[in-house]
Amino acid sequence: MQTSRIDTEVLIVGAGPVGLVLAIDLGQRGVCCTLIERKDAPQFLPKMERCNARTMEIFRRMGIVDTVRAAGLRADVPMDVYLVLALNRPPLLHLPYPSVAEARRRIDACTDGTMPLEPYQLISQYTLEPLLKSIAESLPTVTVRYGCEFVSFDQDASGVTTKILFQDKTSKVKSRYLVGCDGGTSAVRQQLGIGLRGEGDLLRFRQALYYCEELFGKLPIGNGPGQGRHYHVVDECASFLIMQDSTRHWTLHARVAQDADMARQFEATVGIPVKYEMLNVGEWKHNLLLADHYGMDRVFLAGDAVHLVIPTGGLGMNSGVGDAVDLGWKLAGTLQGWGGPNLLASYEVERRQVGDRNVGASRYASAGRRKWRSLYRPEIGDDSAAGKAARDHLVRVADVEQRKSNEMIGAELGYRYVGSPVIWEEPGGPEHLFREYVPTTWPGARLPHVWLKDHVAIQDRIGRGYTLLRLGGCREDASVLANAMRTCGAPFDVLDIPDAGARDLYGCDLILLRPDLHVAWRGQRAPAQPQALAALVTGNRETTGQITERS
Ligand SMILES: Cc1cc2nc3c(=O)[nH]c(=O)nc-3n(C[C@H](O)[C@H](O)[C@H](O)COP(=O)(O)OP(=O)(O)OC[C@H]3O[C@@H](n4cnc5c(N)ncnc54)[C@H](O)[C@@H]3O)c2cc1C
């Protein structure tokens, strides 16, 4: 075996969206990392198409939100969902969802913290991946190598030695940490001996990608143009047509016997003559699986390597982006020397519970879809009393059940890290809800979005380290906590936010935020044990407890 030495602080395996986001996050924090990907180049294959609001907030923090939007679907196209017999027949059910432009108008007018700072963005994975790749490649501390395959690793107390295969030659890479972002069949996870638990291979679908220049402009649905995002066809194949970001590419999912059937299925769905090209057909499986662990010692796992969901609810890649940004600052803090052992240990505690909840949310949404789908009857399209009765019943059920897939704001924004060793816990806490988002500053929660004076978003005022917010004119002395944080070596700022609206919404005078804008501690008075708090949030203290306020 030929060996050559490439030293890097973090070796990331897999340039899917999760590995790429991790590389960008680490690169922006000045961490040296190498990303290897076995494909020779990003592929033009359909998978996800929607970055949810939380992912877009994260992209805003990374300074890439406008670039992502510019590459994605234009802002005026609504996200409406239809149930149809075919596109040329009146829709059975129409669920309207706002365009990015409309969602932004609602966000601009929202003052109660219930909305995200950024709307979702429809961008196909085959557009997003090359874009993220080019951003990662532009960062000086990031090396991206395509055509390079992970083979195996060995780890010891000082680091990880990974065997890779590049142009038919094997070599070894030495890194301080290894992160497997290598998807559902993760070889890194398998070598760690970590299993996936849950329900695998529940259903198989064929998915085809079509290029059709004229369909979007000619969409014949209803009285209007019928332009939306999802078209669920009420048929025996559970066909499902999805508009992609260009509006000229479409995917169709259907349970058919062979690849060639996907052309006939597209034509039956569209119902009007259109010129089109079928670019690709593949098969994919429904899984609801969660890994037993998110890593071991110096090796971590993120994204589909540890959670596989049914895309109903769009919690696949979006959950993985959350993993990447939770792990990124913790790796950086540990490598920079201020992060204690609990910092990296908290990654699994925090993210596995989110993975678990999101597998549950996906199960809930897909069960809803299966429920209305089970009401399909062969006579459902007939102009008969039996046909009408079957349609009416299915539509009544779908009007409730289909919404579960499209209205997941609680799962997107409302996740809160419970039992984390780096969060100063308060006993109790609000329930986790999939469908509703109730803004809260309970420790572990994402800081709710609030507009400040001059329509400035609070997120945009906050730097990339830890931040103590002093709200509503609070004058508590922050110097002892600042000294304690700086003694640890952690980046720390105090930010005064005099706006009464923010203080009222957040319900407290002081909030200590982590670099990922999750609440680490809150109070009305300066913490009575600032050294203990600093040690805890930076992962240098093992016990948790309630901090008493200064009297
Ligand atoms: C039809 C469909 C629709 C979807 N829609 C959505 C949606 O709307 N929203 C959403 O959030 N999610 C959606 N998803 C899920 C989403 O596509 C995945 O969750 C996402 O791709 C996971 O990203 P990842 O980076 O973890 O893994 P992947 O995208 O699987 O990337 C893993 C990468 O690792 C590489 N790799 C694997 N093994 C090795 C090795 N040994 N060496 C080097 N490289 C390796 C692979 O080539 C690949 O590029 C959808 C999925 C499907 C199938």
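Owing to the predicted nature of the structure, the values given are computational and were not obtained by experimental measurement.

S.K.: Break down the overall build of the chain for me, citing the residues and quoting the values.
M.R.: Each helix and strand counted, the chain has 17 helices and 24 strands in total. On C-alpha atoms alone, the chain measures out to a radius of gyration of 24 Å, which is about the 24 Å that the 2.2 N^0.38 rule sets for 551 residues. For the chain, the C-alpha atoms occupy an extent of roughly 75 × 65 × 35 Å along the three principal directions. Taken over 551 residues, the chain has a buried fraction of 58%. For the chain, contacts bridging at least 24 residues in sequence account for 71% of all contacts bridging at least 6. As displayed, the chain has an accessible area near 21500 Å², and 49% of this comes from carbon and sulfur atoms.

S.K.: Got a sec to walk through the pairing of strand β7 (residues 142–146)? Specific residues and values, please.
M.R.: Of all the 5 residues making up β7, 4 are buried; the element is thus mostly covered by neighbouring parts of the structure. By the bridge criterion, 5 bridges tie strand β2 (residues 33–37) to β7 in an arrangement that is parallel. Note that in β7 the partner of Cys33 across the bridge is Val142.

S.K.: Requested: an account of the side chain of Arg470, with residues and values cited.
M.R.: The residue Arg470 is located in strand β21 (residues 466–471) in this model. Polar side-chain contacts of Arg470 include one of 2.7 Å to the backbone oxygen of Glu476. Beyond its immediate chain neighbours, meaning those up to four positions away, Arg470 contacts Arg475, Glu476, Ala478, Val494, Leu495, Asp496, Ile497, Asp509 and Leu510.

S.K.: Outline helix α9 (residues 317–335), supporting the account with residue identities and numerical values.
M.R.: The terminal C-alpha atoms of α9 lie 26 Å apart, and with 19 residues this matches the ideal 27 Å at 1.5 Å per residue to within 8%. The element α9 is largely enclosed, with a buried count of 19 among its 19 residues. Just downstream of α9, Gly337 is the residue with a positive phi angle, here 95°.

S.K.: I'd like to hear about unusual backbone geometry, residue by residue, with values.
M.R.: Notably, Gln167 is not glycine yet its phi reads approximately 50°, a positive angle. We classify Gln167 as exposed; its relative accessible area is 61%. Unlike most non-glycine residues, Thr247 shows phi in positive territory, near 65°. On the basis of relative accessibility, which here comes to 8%, the residue Thr247 falls in the buried class.

S.K.: An account of the pattern of salt bridges is needed here, citing residue identities and associated values.
M.R.: Counting across every chain of the model gives 40 salt bridges. Note that Arg525 and Glu476 form a salt bridge whose closest N and O atoms lie 3.2 Å from each other. Taken as a pair, Arg525 in the loop between β24 (519–523) and α17 (530–537) and Glu476 in the loop between β21 and α15 (479–488) lie far apart in primary sequence, 49 residues in all. The class of Arg525 is partly exposed, set by a relative accessible area of 32%. For Glu476, a relative accessible area of 17% translates into the label buried. One network of salt bridges, in which partners are shared, links Arg60, Arg69, Arg104, Glu118 and Asp460.

S.K.: Describe in detail the site of the ligand, supporting the description with residues and values.
M.R.: Around the ligand, the surrounding shell holds 29 residues, and the nearest of these are Glu37, Gln125, Phe150, Asp304 and Met317. The side chain of Lys47 places a nitrogen or oxygen atom 3.4 Å from an oxygen atom of the ligand. Measuring from an oxygen atom of the ligand, one finds a side-chain N or O atom of Asp304 at 2.7 Å. Alone, the ligand offers 1000 Å² of accessible surface; in the complex the protein occludes 92% of this.

Procedures and definitions
Numbering of residues starts from 1 in each chain and follows the order in which that chain's sequence is written. Reporting of local features is limited, given that this is a predicted model, to residues whose pLDDT is at least 70; pairs of side-chain atoms are given and counted only at 80 or more, and all residues count toward the totals for whole chains, interfaces and linings. Only hydrogens and water are removed before side-chain values are computed, so all heavy atoms of the structure are retained for them. For helices the rule is a DSSP run of H or I covering at least 4 residues; for strands it is a run of E covering at least 2, with both sets numbered from the N terminus onward. Within these notes, the globule rule equals 2.2 Å times the number of residues to the 0.38 power, and the radius of gyration is based on C-alpha atoms. Per-residue accessibility, obtained with a 1.4 Å probe over protein chains only, is compared with the maximum for each type, and a residue is labelled buried under 20%, exposed over 50%, and partly exposed between these values. Throughout, a contact is declared for two residues whenever any of their heavy atoms are within 4.5 Å. Areas reported here follow the Shrake-Rupley algorithm with a probe of radius 1.4 Å; residue values treat only the protein chains shown as occluding. For two strands to pair, DSSP has to find at least two bridges joining them. Two N or O atoms count as a polar contact when they lie within 3.5 Å, although within protein this holds only if one can serve as hydrogen donor and the other as acceptor, and sequence-adjacent residues are included solely when both atoms are side-chain atoms. Expected helix span is given by 1.5 Å per residue-to-residue step, counting one fewer step than there are residues. Salt bridge, as used here: a side-chain nitrogen of Lys or Arg that lies within 4 Å of a carboxyl oxygen of Asp or Glu. Being near a molecule or strand, for a residue, means having at least one of its heavy atoms within 4 Å of it.

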